[in-house]
Amino acid sequence: MTLTVKPRITKKTIQSVNVLTFDIERIPGHAKIKHRGLTIEGEFWDLGGWKHTIGRRIHADDVVSWPRTICAAGRWYGQSKVMFAAEWQEGGHEQFMRTMWEWFDSAALIIGHNAAAFDVKHVRSGWAEYGWVQPSPWAVVDTLKVARSELNFESNTLDALAKRLGVSAKTDKYSADVAQAAVNGDEKAQRKIARYNEGDIRATEAVYDRLRPFIKNHPHLSMHNGEIWGCPNCGNPDVSTNRKGDAYTHVQRYAAYQCDNCGHWIRSTKKLQDATHTRTYR
Ligand SMILES: [Zn+2]
């Protein structure tokens, strides 16, 4: 077989569902402890972060300020504008958390790099701190999880993946100093972290597009556009015209199809054959 499918998917195919590419930036916390008669003070991301210095975890009571989410960027799939929200904008941290809540409430699907374990849980924690309920349900496609489970690149950072897949790479690196300056009101630092945050959105969406044909159990996009023969991974409305032989499980045979938009393989739900009536002799 020759490789004839297009390597990139056509964006307009998933317009009927609100897909949000999403990424947050955080600032480290601050702790102050007494250790062997000395006062040690500094930044931390997690309470085990000073173990090599103090030989134990930081106690919650030693925390002066916790790490927190300070800004976020998002883009609706198919649109060109990247949205940005931050705690230094009007309304402060609470309005910032509310803006993210509204984005999630409108989203059916969240795309993010490490979104499942990191971004989504952090923003949910933020909403819980304000005593809010959750936005309407969404599904997550985590590009880091996909890269780890389906591919075997030596580095799965967003930047490394974007470069190896040949898509637009990020333009900057996260710096805790820049994040601190931004929350202190430095407008140049605020612009810098916004650019970085928005760059991550472009890179994440581009990586997602390239990984999409490899994604197993992608939330079925045809559930949103109502097409019964649609591609689960890209929403291409009709894959039934592209029959490509049969698909086999251990004891069953189905019709196989390949999406001619994104290249993903699909099998029919209707069985062509069931081999469970014959058994290997033991
Ligand atoms: Zn497809």
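Not measured: the values here are computed from a predicted model.

**Topic: the packing of helix H4 (residues 143–150) against helix H7 (residues 187–211)**
Here comes step 1: The contact between H4 and H7 brings their axes to 10 Å, and the two run at 35°. For the crossing formed where H4 meets H7, the hand is left-handed. Contact residues: Thr143, Val146 and Ala147 in H4; Thr204, Val207, Tyr208 and Leu211 in H7.
Here comes step 2: Residue classes in the contact of H4 with H7 are distributed as five nonpolar, two polar and no charged.

**Points about unusual backbone geometry**
Here comes step 1: Positive phi, normally seen in glycine, also occurs at arginine 36, with a value near 50°.
Here comes step 2: One can find arginine 36 in the loop between strand E2 (29–35) and strand E3 (38–44).
Here comes step 3: Given 7 C-beta atoms within 10 Å, arginine 36 falls into the exposed group.
Here comes step 4: Of note in this structure, asparagine 217 is not a glycine but carries a positive phi near 55°.
Here comes step 5: Residue placement: asparagine 217 occurs in the loop between H7 and helix H8 (222–225).
Here comes step 6: For asparagine 217, a count of 8 C-beta atoms within 10 Å gives the class exposed.

**Examining the sheet that holds E2**
Here comes step 1: Across the sheet, three strands lie side by side as E3-E2-E4; this open sheet has antiparallel pairing. This sheet does not close on itself; its edge strands, each paired only once, are E3 and strand E4 (63–65). Looking at each pair of strands side by side, their axes are set apart by 25° on average, direction ignored.

**Focus on the domain arrangement of the protein chain**
Here comes step 1: Looking at the protein chain, the domain boundaries give domain 1 (18–28 + 67–214) and domain 2 (228–277).
Here comes step 2: The straight-line distance from the C-alpha centre of domain 1 to that of domain 2 is 34 Å.

**Some points on the environment of isoleucine 70**
Here comes step 1: For isoleucine 70, the location among the structural elements is in strand E5 (residues 68–76).
Here comes step 2: For the pair formed by isoleucine 70 and threonine 280, sequence separation is 210 residues and the distance between their alpha carbons is 61 Å.

**Overview of H4**
Here comes step 1: Of all the residues in H4, the buried ones are Thr143, Leu144, Val146 and Ala147. For H4, the arc enclosing every buried residue in end-on projection is 165°, short of the 170-degree limit, so these residues lie on one face. For H4, exposure combined with an orientation more than 90 degrees from the buried face picks out Arg148 and Ser149.
Here comes step 2: Where H4 is buried, its residues contact strand E7 (109–112), strand E8 (139–142), helix H5 (158–164) and H7.

**With respect to the packing of helix H6 (residues 176–183) against H7**
Here comes step 1: Viewed as axis vectors pointing N to C, H6 and H7 meet at an angle of 125°, and their least axial separation amounts to 7 Å. It follows from the interaxial angle that H6 and H7 lie oblique. The interaxial crossing formed by H6 with H7 has left-handed handedness. Touching Val178, Ala179, Ala181 and Ala182 of H6 are Ala189, Gln190, Lys192 and Ile193, all from H7.
Here comes step 2: Class assignment for the residues of the contact of H6 with H7 results in six nonpolar, one polar and one charged.

**Things to note about the pairing of E7**
Here comes step 1: Here three bridges tie strand E1 (residues 19–27) to E7, and the two strands are oriented parallel to one another. Paired with leucine 20 across the strands is isoleucine 110, a residue of E7.
Here comes step 2: Taken together, the four bridges between E7 and E8 define a ladder with parallel strand orientation. Looking at the pairing, leucine 109 lines up with alanine 139 of E8.
Here comes step 3: Where the polypeptide runs from E7 across helix H3 (residues 115–129) and back to E8, its parallel neighbour, the crossover connection is right-handed.

**With respect to the sheet that holds strand E9 (residues 243–248)**
Here comes step 1: Read from one edge to the other, the open sheet built from three strands follows the order E9-E10-E11, with strand pairing classed as antiparallel. The open sheet is flanked by E9 and strand E11 (265–274), the only strands paired with a single partner. Each strand of the sheet is rotated relative to its neighbour by a mean of 30°, with strand direction disregarded.
Here comes step 2: One ladder, built from six bridges, connects strand E10 (residues 252–258) with E11; its direction is antiparallel. Within E11, the position partnered with glutamine 252 by the bridge is aspartate 274.

Rules used throughout
- Residues numbered from 1 in each chain as written.
- Predicted model: local features only at pLDDT ≥ 70, side-chain atom pairs only at ≥ 80, totals over all residues.
- Axes fitted to C-alpha atoms, helices over the stretch in contact; angles between N-to-C directions.
- Helix = DSSP H or I, 4+ residues; strand = E, 2+ residues; numbered from the N terminus.
- Left-handed = near helix turned anticlockwise from the far one by under 90°.
- Contact = placed C-beta atoms within 7 Å.
- Nonpolar A, V, L, I, M, F, W, Y, C, P; charged D, E, K, R; others polar.
- Buried ≥ 20, exposed ≤ 12 C-beta atoms within 10 Å, placed from the backbone.
- Pairing = 2+ DSSP bridges.
- Domains from an automatic or database assignment.
- Arc of directions from axis to C-beta.
- Parallel < 35°, antiparallel > 145°, perpendicular 65-115°, else oblique.
- Right-handed = clockwise from strand over helix to strand, strands pointing away.

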